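Residue-level structure breakdown
Given next are the chains, with one letter for each unit.
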Amino acid sequence: MKDKVILAYSGGLDTTAIIPWLKENYNYDVVCCCIDVGQESELDGLEERAKLSGAEKLYILDVVDEFVDDYILPTVMADAVYEHKYLLGTSFARPLIAKKLVEIARKENAVAICHGATGKGNDQVRFELSIKALAPDIKIIAPWRCNETWKMQSRQDEIDYCKAHGIDLPFSADNSYSRDRNIWHISHEGLVLGVSPEKAPDEAEYVSLTFEKGRPVAINGEKMKASDILRKLNKLGGKHGIGIVDIVENRVVGMKSRGVYETPGGTILMEAHDQLEELVLDRATYEVKKDLGNKFAQIVYEGKWYTPLREAIQAFVDVTQQYVTGEVKFRLYKGNIIRAGETSPYSLYSESLASFTTGDLYDHHDADGFINLFGLPLKVRAMKMQEVESQKK
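All values reported here derive from a predicted model rather than from experimental measurement. (Residues numbered from 1 in each chain as written. Predicted model: local features only at pLDDT ≥ 70, side-chain atom pairs only at ≥ 80, totals over all residues. Heavy atoms only, no water.)

1. Some words on the nonpolar core
Membership of the largest hydrophobic core comes to 74 residues, with the highest contact counts inside it found for I6, F67, I72, L88, W184, L209 and F330. Once you skip the residues sitting within four places of it in the chain, W184 turns out to touch I72, V76, L87, G89, F92, L230, N234, E262, T263, G266, L269 and M270. L7, L46, L58 and I159 belong to the second-largest nonpolar core, a separate cluster that totals 29 residues. (Core = buried A, V, L, I, M, F, W, Y, C linked by side-chain atoms within 4.5 Å. Buried < 20%, exposed > 50% of the residue type's maximum accessible area, 1.4 Å probe, protein only. Contact = heavy atoms within 4.5 Å.)

In structure tokens form, the structure reads like this:
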């Protein structure tokens, strides 16, 4: 009986070419595994394609709800945004995919896991760190780094290789860039999920989101599971040109790369959650949470999901979310999310306290002593500098 390898399979040209390559160079039985994180139409025809390419078996696992509940929402609650713009759509999908690959590898008694990530990108790091954390005994195969046996350097090379092995599929050599799609986002070269702000409707649309302990539970008053809320937000955001970013990001492997991302529903969800936190979190917690949110984003981006540090930061975030409950209202208009009010039973905002009138909780004269003490270090330093300058004369 041949040893088995689990292939992270998308049905695209790269992973299709890898099937005969694995059989030819390792003499493995290839078990393909496609993890459904919300690719939708990209899953059509996968089973037939995998079998035609020489795979022994194909698993298609629907993990959309787990993806949203256990990976997306913790990142939203952490307000984690990489380099202030990237909402981590590809980054937090990889650890879940790796987890499922390991589970299938155990089930099939496979000796290796193979992925099609290139040697220049972030995904190789994310996949392999996750696999090492979950299954340090399983061999990892990365064809694009196997210089002695992987001779294909372009899409045309892969197409020719497939045809030479009796695999004649309708792939095109035109596009040399990959794209990634899931329920949260799509990275690509042109708009897919929505329209540009210029082509969005001329009338704004009001939307409300209800949160309980940091998690969305209803949209426009209608309760539904988080994944359905995200699907609905994707349609609304796409319609109004929300969440389109074109950025240059710093990859884990050291280079800068351009990324074009559409994250319509995710952008709305992040903004609404942040608005509610502004209302209910005290200043010190909010300040520390912002710092840790940046760290959480870096951890996720670098593929370090299965680490004690990520778990520790998430534990802190979970505590901060105990009172992030309430409703957020906003308008969507030509790429903009315009605030329209928020309410919470735990709101720390007091209109009477924030006004310029004097009340029981705040006397304007109290500011004299506060400013004297708060500014004391500045005053002491200024006095010392004056003394030093006077001694020079």
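Next comes the rest of the account.
2. Focus: the layout of surface pockets
Here the second largest pocket defines a volume of roughly 490 Å³. Mapped onto the lining of the second largest pocket, the elements with two or more residues apiece are strand 11 (244-250), helix 8 (264-280), helix 9 (283-301) and strand 14 (336-343). Per-class residue counts for the lining of the second largest pocket are ten nonpolar, eight polar and six charged. (1 Å grid on protein atoms, 1.4 Å probe; cavity = no way out; pocket = protein on both sides within 12 Å on 5 of 7 lines; lining within 4 Å. Points joined across faces, edges and corners; volume = space filled by probe spheres on them. Helix = DSSP H or I, 4+ residues; strand = E, 2+ residues; numbered from the N terminus. Nonpolar A, V, L, I, M, F, W, Y, C, P; charged D, E, K, R; others polar.)

3. Considerations on the packing of helix 7 (residues 226-239) against helix 8
Relative orientation of the contacting elements helix 7 and helix 8 amounts to 105°, with a least axis distance of 6 Å. As far as their axial angle goes, helix 8 and helix 7 are roughly perpendicular. In this structure, helix 7 contributes L230, L233, N234, G237 and G238 to the contact, and helix 8 contributes P264, G265, G266, I268 and L269. Residues belonging to the contact of helix 7 with helix 8 are distributed by class as follows: five nonpolar, five polar and no charged. (Axes fitted to C-alpha atoms, helices over the stretch in contact; angles between N-to-C directions. Parallel < 35°, antiparallel > 145°, perpendicular 65-115°, else oblique.)

4. Notes on the sheet that holds strand 3 (residues 57-62)
Paired through their backbone hydrogen bonds, the strands of a sheet run either parallel or antiparallel. If you trace the five strands from one edge of the open sheet to the other, you get 3-2-1-4-5, paired in parallel fashion. At either end of the open sheet lies a strand with only one pairing partner, and these are strand 3 and strand 5 (139-141). The sheet shows a mean angle of 25° between the axes of neighbouring strands, taken without regard to direction. As defined by bridge partners, strand 4 (residues 112-114) adjoins strand 5 across three bridges and the pair is classed as parallel. The residue of strand 5 that forms the bridge with A112 is K139. Here helix 1 (residues 13-26) sits on the sheet and contacts strand 1 (4-8), strand 2 (29-36), strand 4 and strand 5; the angle it forms with strand 1, its principal contact strand, is near 160°. (Pairing = 2+ DSSP bridges.)

5. Side note on the pairing of strand 2
Within a regular beta strand, the side chains point alternately toward one face of the sheet and then the other, so they alternate between its two faces. Of all eight residues making up strand 2, eight are buried, and the element is well covered by its neighbours. By the alternation rule, side chains of strand 2 split into D29, V31, C33 and I35 and V30, C32, C34 and D36, which are all buried. Pairing geometry for strand 1 and strand 2, over five bridges, is parallel. When the bridges of strand 2 are listed, A8 appears paired with C33. Regarding topology, helix 1 serves as the crossover connection from strand 1 to the parallel strand 2, and that connection is right-handed. (Right-handed = clockwise from strand over helix to strand, strands pointing away.)

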